[in-house]
Amino acid sequence: MKYDFTKELEAIEAALAKQLPDTATEAWMETSFGNIPIGTRPLHTVPLLAPTTKLIHNGGKRWRPLLLVLCAQLVSKTDTIPAVAYELTPLLEFIHTASLIHDDIEDSANTRRGAPAAHIAYGLDTALNAGAWLYFQAPVCITTSDLPGDLQLQLYQLYGTELRRLHLGQAMDISWHRENTKIPSVEEYMAMVRLKTGTLASLAAQTGAIVGGAPAKEVKTLGDIASDIGIGFQILDDYINLSTGNVGKKRGDDIVEGKKSLPVLLHLSKKPEDFQIIMDYFKRARIQGIESPVVEECIALLESSGALTEAAEQAKQLIIGSCNTIRELYPNSDSSAKIASLFDNMLTKAVK
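Being a predicted model, the structure only gives us computed values, none of them experimental. (Residues numbered from 1 in each chain as written. Predicted model: local features only at pLDDT ≥ 70, side-chain atom pairs only at ≥ 80, totals over all residues. Heavy atoms only, no water.)

Q: Help me understand helix H12 (residues 198–211), please; the structure alone is not making it clear to me.
A: Residues lying three or four places apart along an α-helix face the same way, a consequence of the helix completing one turn every 3.6 residues. Under the 1.5 Å per step criterion, the end-to-end length of H12 is 20 Å for 14 residues, consistent within 8% with the ideal 20 Å. With 14 of its 14 residues buried, H12 lies for the most part within the structure. Looking at the residues trailing H12, positive phi occurs at Gly213, about 95 degrees. (Helix = DSSP H or I, 4+ residues; strand = E, 2+ residues; numbered from the N terminus. Expected span 1.5 Å × (residues − 1). Buried < 20%, exposed > 50% of the residue type's maximum accessible area, 1.4 Å probe, protein only.)

Structure below.
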């Protein structure tokens, strides 16, 4: 069964706009920055707001905020989503947006969501500062919520841990991009993805479960399941990049970045003799850019072993399996059916 999430998405967009307006007001500045020194004006926030709001307005599936509110409804066992769950959705979307700004800088990417990347459009210094600021703006929604102090503290601790895990995963990913004399094992790759991508899905589910009133064990269980969903979508993202191409980007830009994605690792597990060929493709693609013919040559090589199809299948199994687990844990639950529907829709659009 398909569900219409229009109402939930509208509430999420309203929460995002409240915490990250297009134009700063003095009230918002005081909430975000505290006691502001004389001489500070709303116009001084433009280098922070312009790059971040632009990226948020340019799209995004919003599945992490949706997962948060649906998990809150799931554990509360009611037909109503707690209002505070919506208020906390900026926590997820702001962290995600900040990571995209920094990812594009670290990967030397030129575009994001069909537009110039933030560091191209606004300059490297502005993009770095705006992205870093948005990480810290993200938990303001915890402070402004009506949650009791102990729950706020719990959410702050969770936010800090998951944000540190995200950066550890990114550190692993960066080191592999720049190292073309060896490749990570599949086990190392999966650990990296669990940290870099799985952590935000886990944060979404755990935050929703906490505000929905779930006990600690239930919170952790949902976080672990959601982490697997996040891993599945990262693998799916790797597959899409080398098949149809990600929305707003050209097919194969992972080759230009030298990304040791799962399709590459699966291919080399079958044909280790192709290691130097692929590393040479990476090197030439980085120098020549996305229009280089070596990009398509490398993709064709990966397709020849069935590595792309195998990666897509692994992604589907992780996502579908995780959704089935949620439905088993919460039988006859409308919320678990909604979660399954959300990800089934995304899978259908991604893998034809």
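From this point, things continue past the structure.
Q: Mind showing me how you'd approach the packing of H12 against helix H13 (residues 216–242) here?
A: A pair of packed helices is characterised by two quantities: the angle between their axes and the separation of those axes. At a minimum axis separation of 7 Å, H12 and H13 run at an interaxial angle of 150 degrees. On the basis of the axis angle, H12 is roughly antiparallel to H13. Here H12 and H13 pass one another in a crossing that is right-handed. Here H12 contributes Gly198, Ala201, Ser202, Ala205, Gln206, Ala209 and Ile210 to the contact with H13, which in turn contributes Val219, Leu222, Gly223, Ala226, Ser227, Gly230 and Ile231. (Axes fitted to C-alpha atoms, helices over the stretch in contact; angles between N-to-C directions. Parallel < 35°, antiparallel > 145°, perpendicular 65-115°, else oblique. Left-handed = near helix turned anticlockwise from the far one by under 90°. Contact = heavy atoms within 4.5 Å.)

Q: Hey, could you run me through the packing of aromatic side chains in this one?
A: Ring pairs (aromatic) are described by centroid distance and by the angle formed between their planes. Scanning the entire structure with this criterion turns up seven aromatic pairs. One aromatic cluster in this structure is built from Trp28, Phe33 and Trp133. (Phe/Tyr/Trp six-rings, centres within 6.5 Å; stacked < 30°, edge-to-face > 60°.)

Q: Is there a simple way to think about helix H17 (residues 293–304) in this case?
A: Across its 12 residues, H17 extends 17 Å between first and last C-alpha, which sits within 8% of the 16 Å expected from 1.5 Å per residue. Here H17 has its buried residues at Val294, Val295, Cys298, Ile299, Leu301 and Leu302. One side of H17 carries all its buried residues, which in axial view fall inside an arc of 155 degrees. Elements that come into contact with the buried residues of H17 comprise H13, helix H14 (253–257), helix H15 (262–270), helix H16 (275–288) and helix H18 (307–329). Gly306 sits one or two positions beyond H17 and adopts a positive phi of about 80 degrees. (Arc of directions from axis to C-beta.)

Q: I'm lost on the layout of surface pockets in this one. Help?
A: Rolled over the atoms, a probe as big as a water molecule pinpoints where empty space is left. Each pocket or cavity is described by its volume, and for the second largest pocket that value is around 310 Å³. Taken together, 13 residues line the second largest pocket, and the ones lying closest to its centre are Ser108, Ala109, Asn110, Asp253 and Ile290. When residues in the lining of the second largest pocket are grouped by element, the largest group, three residues, is from H14. Looking at side-chain class alone, the lining of the second largest pocket contains three nonpolar, four polar and six charged residues. (1 Å grid on protein atoms, 1.4 Å probe; cavity = no way out; pocket = protein on both sides within 12 Å on 5 of 7 lines; lining within 4 Å. Points joined across faces, edges and corners; volume = space filled by probe spheres on them. Nonpolar A, V, L, I, M, F, W, Y, C, P; charged D, E, K, R; others polar.)

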